[in-house]
Amino acid sequence: MSARRVGREALKGFITGLMEDGRTVWGPQEFQGSVRFRPLKKNGTPVLDVPNATLSPKEVVFPPSEWMFLFSTDPGREDAFVLKEVPQEGPEQVILGIRPCDARAFQILDRVFLEQGAHEDPYYRSKRDRTLLIGLGCNTPCSTCFCHWTGGGPFHTEGLDVLMTDLGDVYLLEPVTERGRALLDALQLDEAGADEVERGKHIAEEARASMGEAKDPRRIKEKDLMALFGSPFWERAHEACVKCGVCTYLCPTCSCFDIQDEVRGACGFRGRNWDTCMFALTTLHASGHNPRPTGKERFRQRFMHKLKYFQDDFGDVMCVGCGRCVQYCPANIDIREIIEALSA
Amino acid sequence: MDTRVERIRSEAKRLLESGEVDLVIGFRKGSIPMVSRPWFVRTVEDTELLHWDGFCSLNLCNYLTKRKEKVAVVAKGCDTRSLVGHIQENQIQREQVLVLGVPCEGMLDRRALQERAEGTEILEVVESDGRVEIRGRGLERSFPRQEVLQHCCRICRHRNPVLHDRLLSAEVEEHQVERYEDVEEIDSQSPEERWAYFQNMLSPCIRCYACRNVCPHCYCTECFVDCSRPQWVGKSLDLNDVFTFHLFRAFHMAGRCTDCGSCERACPVGIPLRVLTRKLEKVVSERWGFEAGTDLEQLPPLATYRPDDPQDFIK
Amino acid sequence: MEQQNAQDWEPKILAFLCNWCSYAGADLAGVSRLQYPPNIRIIRIPCSGRMNPAFIAAALRNGVDGVLVSGCHPGDCHYLSGNYFARRKFTVFKELLEFMGVEEGRVHFSWVSAAEGEKFAQVVQEVTEAVKALGPARHYVKEKIEVC
Ligand code: SF4
Ligand code: SF4
Ligand code: SF4
Ligand code: SF4
Ligand code: SF4
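Residues numbered from 1 in each chain as written. Chains lettered and ligands numbered in written order. Predicted model: local features only at pLDDT ≥ 70, side-chain atom pairs only at ≥ 80, totals over all residues. Heavy atoms only, no water.

**Brief notes about the domain arrangement of chain B**
Residues and elements named next belong to chain B. Put simply, the rule reads: In this document the domain limits rely on a domain assignment from an automatic tool or a database. The criterion used for residue contact is that any of the two residues' heavy atoms lie within 4.5 Å. Buried area: the accessible surface (1.4 Å probe) lost by two parts on joining, summed over both.
Taken domain by domain, chain B holds domain 1 (1–104 + 159–177), domain 2 (110–148) and domain 3 (178–303). On a C-alpha basis, the centres of domain 1 and domain 2 stand 26 Å from each other. Across the contact, 7 residues belong to domain 1 and 9 residues belong to domain 2. Taken together, the two surfaces of domain 1 and domain 2 that pack against each other cover about 600 Å², and 67% of this comes from carbon and sulfur. It is Pro 33, Met 34 and Phe 55 that lose the most area in domain 1 upon contact with domain 2, and together they represent 74% of the buried surface on that side.

**A few points about the packing of helix H10 (residues 274–288) of chain B against helix H4 (residues 82–99) of chain C**
Convention followed: Angles here are taken between N-to-C directions and fall from 0 to 180 degrees, while the axes themselves are lines fitted to C-alpha atoms, restricted in helices to the stretch in contact. Secondary structure is summarised from DSSP: a helix means a run of H or I of at least four residues, a strand means a run of E of at least two, and numbering begins at the N terminus for each. Reported orientations rely on four angle classes, namely roughly parallel under 35 degrees, roughly antiparallel over 145, roughly perpendicular from 65 to 115, and oblique for the rest. Here is the rule for handedness: rotate from the far helix to the near one, and if that takes an anticlockwise turn smaller than a right angle the crossing is left-handed, while a clockwise turn gives right-handed. Only Asp, Glu, Lys and Arg are considered charged in this grouping, and only Ala, Val, Leu, Ile, Met, Phe, Trp, Tyr, Cys and Pro are considered nonpolar; every other residue, Gly among them, is considered polar.
Running from N to C, H10 of chain B and H4 of chain C cross one another at 140 degrees; their axes reach a closest spacing of 10 Å. Of the possible angle classes, the one that applies to H10 of chain B and H4 of chain C is oblique. You can see that H10 of chain B and H4 of chain C cross each other, and the crossing is right-handed. Only Arg 88, Thr 91, Val 92, Glu 95, Leu 96 and Phe 99 of chain C of H4 of chain C make contact with H10 of chain B, whose side of the interface consists of Val 275, Leu 276, Lys 279, Leu 280, Val 283, Val 284, Arg 287 and Trp 288 of chain B. Of the residues contributing to the contact of H10 of chain B with H4 of chain C, the split by class is 9 nonpolar, 1 polar and 4 charged.

**Details of the packing of aromatic side chains**
Stated precisely, the cut-off is as follows: Centres within 6.5 Å are what make two rings of Phe, Tyr or Trp a pair, Trp counting through its six-membered ring; a difference in plane orientation under 30 degrees is then read as stacked, over 60 as edge-to-face, and the rest as tilted.
Counted by the stated rule, this structure contains 35 aromatic pairs over all chains. Ring geometry for Trp 195 of chain B versus Phe 243 of chain B: centroids 4.7 Å apart, planes at 45 degrees, classification tilted. Taken as a pair, Trp 195 of chain B in helix H6 (residues 191–202) and Phe 243 of chain B in helix H8 (residues 239–251) lie far apart in primary sequence, 48 residues in all. Pairing Phe 243 of chain B with Tyr 140 of chain C gives two aromatic rings, centres 5.0 Å apart and planes at 55 degrees, and the pair type is tilted. Pair noted here: Phe 243 of chain B is in helix H8 and Tyr 140 of chain C is in the segment after helix H5 (117–134), and the two residues belong to different chains.

**Quick word on the state of the cysteines**
Keep this limit in mind: Two cysteine sulfur atoms make up a disulfide if the distance between them is within 2.5 Å.
In total, this model carries 1 disulfide over all chains according to the counting rule given. Each sulfur in the disulfide pair Cys 21 of chain C and Cys 72 of chain C lies 2.4 Å from the other. Residues Cys 21 of chain C and Cys 72 of chain C are joined through a disulfide that is right-handed, its torsion about the S-S bond being 100 degrees. Linking Cys 21 of chain C in the loop between strand E1 (13–18) and helix H2 (22–31) with Cys 72 of chain C in the loop between strand E3 (66–71) and H4, this pair joins segments that are 51 residues apart in sequence. The thiol sulfur of Cys 227 of chain B is not disulfide-bonded, and the nearest other cysteine sulfur, from Cys 223 of chain B, lies at 7.6 Å.

Pasting the structure below:
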């Protein structure tokens, strides 16, 4: 038996244990008007009893802004304007309470940052390698959750190192990877009883059953690319969208960034910040030409990338069904409707 | 059915049939509770989906900027005020727009409702007779409508359309509510405290610019945050840059913001941004007696001047 | 700012002066050999109406301790109404900046004509004193990071 148990009241002790060896433990916390993943303070507790956090823990491995290079602008220096890497070391870290959809999103980001093309992204790589994921299964999926459409589920373990199940009085912890197993072993937690493992299974089945019928976006892969691209569907579909970008900033799978230089005093920085295909500036050329001149093209890009191009390239949709874009869109653009329309 | 919904549909139908307009912009029911979807109607069939409820909060004036065709728009008080701004700033011509005014009872605050559900997901909201009922798995509660209005609606002084071609229901009573309690509270603090207050308030900002993009009045071809020569403001999450973004976003709204609340609603991390724009609203009103979007004849305050404007702060 | 430096600390003040009046006023103060504190650095702008509040923010963020913006008296604008529009902009901007926590007394405005050399000297005196009383700018300065 490899499953472990942590009593609800012992959660603090468990987290303290995780923090040993200098590990940073990220957990969902109230941050003014939202719930975000933040490093837990000693004796701090994560908020695990709410639905999924406002922002996914993508920001742990791919922060909204980060510096990549430094340079001196002092012309008297021999190394003036020579780029130097910002050191990428950091502590080992654990993300506690990541939901299964967001963990799958890490695998999608892996493809973009680590597998695609000839080069790995060193910034992502360094953070990703020292991060362990302890996921929390979803006992009560929201009505906006559709992880099961995209190949996941409320208790899916893909991408996780450990799966945690809330049994009420107790958290059940089941290792998924070797790293996860080693971590649990080192913490010397009590073994879970067979009945507890059984209860966990039951909760998972009930959660999945509560989610209703899944539509399969994989059908979109079979469709002709140019037909979808040129479809009159986009003319109307995009109209209500105000191109605010919230959907992409909150999306756990979106990976666009913009590189910017900044100078303070005689010190220059080159960094990257999250960006979004919803903005005209993203594709604006220096000449003034914009290959995505209107909202329609930008809107189409978002969905074609997620649902078609990414499938063609990697076999999966670039959406894990977390439902954030559906929940937070001020204009009620619902990706589920787009999936249905494109697969029809 | 709500008689307003019937009126909206029948007016839209008539306008499209008669060819008076090419397009009607209104709302339809959203795919999830607590948000209605802007709906663009060009055919008589599509008028059947037009809808009205307490979640039609998005400022529809957003969709009018630089439009070419003749368009009818379903508009509450704040939308019409923003429209006045748009007409004054030449973003659309008065003759092009047919305003289907809806006197507004205030829109409902989704976040406040969700809070009252205490962790249970709201699956349905029913509005009736000044009450709002929320329903979910094992959840059934109701509140007086007044208690769960958006903050901007609770302090709204122009619930009736200020400009309209048709009025779709009887006018509602206007209230001379106090609008600046929180602004005054901050004003009474020391600079240190105010600085700390805003640093803290802005610290969760992720620079997604949704607050800018959902505002009907943010339509510049190039936003100052996007300029790179000169780079007025750094693009990272450095709090000083975040502060600068908000300082200027608000500044650019002086005398223009109609307090529709779209920015605050769109902000995914829940920053109470309107305190900045309302501070300016207060300044503009105290100094020049101006109120944004209430008078087509009056020029926006920064587009005009009076030789005898107050200048006590100038040496 | 360390204690022993506090006494010798001299503020850096950036002055944006309109070409037609205040800049000439400053010039007159100079040729008349009037004494005023040497803390100001002058940038000439075509008109106070050209003044973009972003200049003020840029100055403060880059570490000046105070800002003065000066133009022609109402009615005297070379372009007729530039200073009237400027006055409205400044009103709003100053209020907002101070609301958000920048101290009153960091940012100043004045009208100084080409004939008012003395007024110019006096304004600079007043501004310098006000900024000195506040001490070095702390809040709205973008942190310098010398790491490279
Ligand atoms: S959140 Fe909605 S309105 Fe905003 S860009 Fe995304 S789809 Fe458009
Ligand atoms: S597209 Fe929407 S539902 Fe899919 S992963 Fe992104 S935010 Fe979640
Ligand atoms: S989408 Fe699935 S995995 Fe994600 S929060 Fe909802 S139920 Fe959980
Ligand atoms: S600033 Fe905000 S409240 Fe004001 S008009 Fe724009 S979106 Fe509405
Ligand atoms: S919407 Fe909110 S998070 Fe986004 S830029 Fe505006 S204040 Fe920041």
